[in-house]
Structure formats: C-alpha cells, structure tokens
Amino acid sequence: MTQPDPHADPRWQRTHQDLLAALLSLMLGRRYHDIRIADVLARSGVSRSTFYEHFRNKDELLSASLEEPFRILAGLITDDTDVTRVRMMLEHFWTNRALAHSLFQGPALRVVRGALVTQVEAALDRKVFRLRIPARLAAHSLADGMFSPITAWLLGESQCGAHELAIALQLATTAAVRALRTDPLPSGNTE
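Everything numeric in this text was worked out from a predicted model, so none of it was measured.

J.: Just checking my understanding: could you explain the overall build of the chain for this structure?
T.: Along the backbone of the chain there are 10 helices and zero strands. In the chain, the succession of α and β elements from N to C terminus is α-α-α-α-α-α-α-α-α-α. For the chain, the spread of C-alpha atoms along the three principal axes comes to 60 × 55 × 25 Å. Here the chain, with 191 residues, has 40% of them falling under the buried criterion. For the chain, restricting intrachain contacts to residue pairs at least 6 apart in sequence, the fraction spanning at least 24 positions comes to 63%. Total accessible area on the chain is roughly 10,600 Å²; 54% of this is exposed by carbon and sulfur atoms. Here the chain holds 22 positive side-chain charges and 21 negative ones, and the gap between their average locations is 3 Å.

J.: Mind showing me how you'd approach the nonpolar core here?
T.: Grouped burial of nonpolar side chains is what soluble globular proteins tend to show. Of all hydrophobic cores here, the largest spans 58 residues; its most connected members are L62, L73, V86, L90, V120 and L169. For L90, the residues in contact, after removing those within four places along its chain, are I150, W153, A162, L165, A166 and L169.

J.: It is not clear to me how the packing of helix α6 (residues 83-95) against helix α9 (residues 135-154) should be interpreted in this structure. Could you clarify?
T.: The angle between the axes and the distance between the axes are what describe a pair of packed helices. Where α6 meets α9, the axes come as close as 10 Å, and the angle between the chain directions of the two elements is 40 degrees. Here α9 runs oblique to α6, going by the angle between their axes. By crossing handedness, the relation of α6 to α9 is classed as right-handed. On α9, the residues that touch L90, F93 and W94 of α6 are I150, W153 and L154. In terms of residue class, the contact of α6 with α9 is made up of six nonpolar, no polar and no charged.

J.: Mind showing me how you'd approach the pattern of salt bridges here?
T.: Side-chain pairs of opposite charge can arise where the charged atoms are in close proximity. Overall, the coordinates contain 11 salt bridges when judged by the stated rule. Measuring nitrogen to oxygen at the nearest pair gives 2.8 Å for the salt bridge that ties R11 to D9. Here D9 falls in the partly exposed class, since its relative accessible area comes to 23%. The network of salt bridges with shared partners includes E67, E68, R71 and R85.

Calculation notes
Residues numbered from 1 in each chain as written. Predicted model: local features only at pLDDT ≥ 70, side-chain atom pairs only at ≥ 80, totals over all residues. Heavy atoms only, no water. Helix = DSSP H or I, 4+ residues; strand = E, 2+ residues; numbered from the N terminus. Buried < 20%, exposed > 50% of the residue type's maximum accessible area, 1.4 Å probe, protein only. Contact = heavy atoms within 4.5 Å. Areas by Shrake-Rupley, 256 points an atom, 1.4 Å probe, with all protein chains shown as cover. Lys, Arg positive; Asp, Glu negative; His and termini not counted. Charge placed at Lys NZ, Arg CZ, Asp CG, Glu CD. Core = buried A, V, L, I, M, F, W, Y, C linked by side-chain atoms within 4.5 Å. Axes fitted to C-alpha atoms, helices over the stretch in contact; angles between N-to-C directions. Parallel < 35°, antiparallel > 145°, perpendicular 65-115°, else oblique. Left-handed = near helix turned anticlockwise from the far one by under 90°. Nonpolar A, V, L, I, M, F, W, Y, C, P; charged D, E, K, R; others polar. Salt bridge = Lys/Arg side-chain N within 4 Å of Asp/Glu carboxyl O.

Written out as structure tokens, the structure is:
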C-alpha cells in the first residue's frame, strides 16, 4: 500500500505558502543576508521544526519562491512557454523590482542564479537532442543569457518594455539552444 503524499495535504501546502510569503514580505524591507530563519518563523507563525519539514535552510526557501517564474523562463528552451507568459512574469518582476537589489546582488545572487540553472537543466533533460557540452554547462550558459538582461533591466541599467524584453529572451534562447546542439535540425524545421 502506498503512503499518501504529505505535500498533497492542504495544511502542508498552506504552511509552505505561509513560509514563502513571509520571506518575500521580509525582503521588501530588508536585504536577504539580514533576514534570519527566526524572522521568517516570527512573520509566518510557523514553528522551527515545521520549517525544517519544508526547507533545509533559508537558501532553499528562497529557491522555492522562484520556482514558478524560473520554470516559465526555462520553458523557453522546451517551447512550453510563450512570449505572453514571459512578459507577464517580467511585468510581475518589474512591479516588485524593489526586491531586485536584495535578490540579484550580494549573497542572494548565488542562490537565485542557482535556482534558474536548476530549472534550465531540468528543461534540457526533457529535450531529446544532444548537446555539444554537458547539460550542466549548457544550463549555466542559457541561464546567464536569460538572467543577465533581466537583472540589468530590473536594476535600471537600461530601459525597454517587458514585451520587447520577452521577445528578445525568446529569440536569444532559441538561438543559443541551436548553437549548443550537435544533432542536425530536421529539414524545414527552424526550431
């Protein structure tokens, strides 16, 4: 007899969401490295032992908070996402760009970048083509190609609309994947 998935329990899901929300609300007023697990616990009302049932540490909590937006970006590799979804994600990031200084610089940068690399590598694993370099290296290359322009845009280094950036990310990702492939494209396929 199989055991029920504890993650399917609505209480588990609610606690998980409470922890994610607590971290994000704390990051609106403080830098990531100044936030302690005790702060997340106080904000969420979750006990320390319950926290550790969900996450190993604060970095894993931060990674989990970025899973969905980064899954959307990684979907550019597998054609599982379209420009509209990327634009909507970028608009959400823009609305919350106050977090950019805390997330995309300093100690959090390693965690955030690693979360995107993980999503991109998972997307590459779902594709059935061969790569010139190991998937982990390709994931780093593709993630940096997505992450760098988004970070510069959010930090105000240059301006453009979310739609234009979404199109550029889609075209650049498609071209980068094509350059990393070793197998020939089927005739007439411009993938």
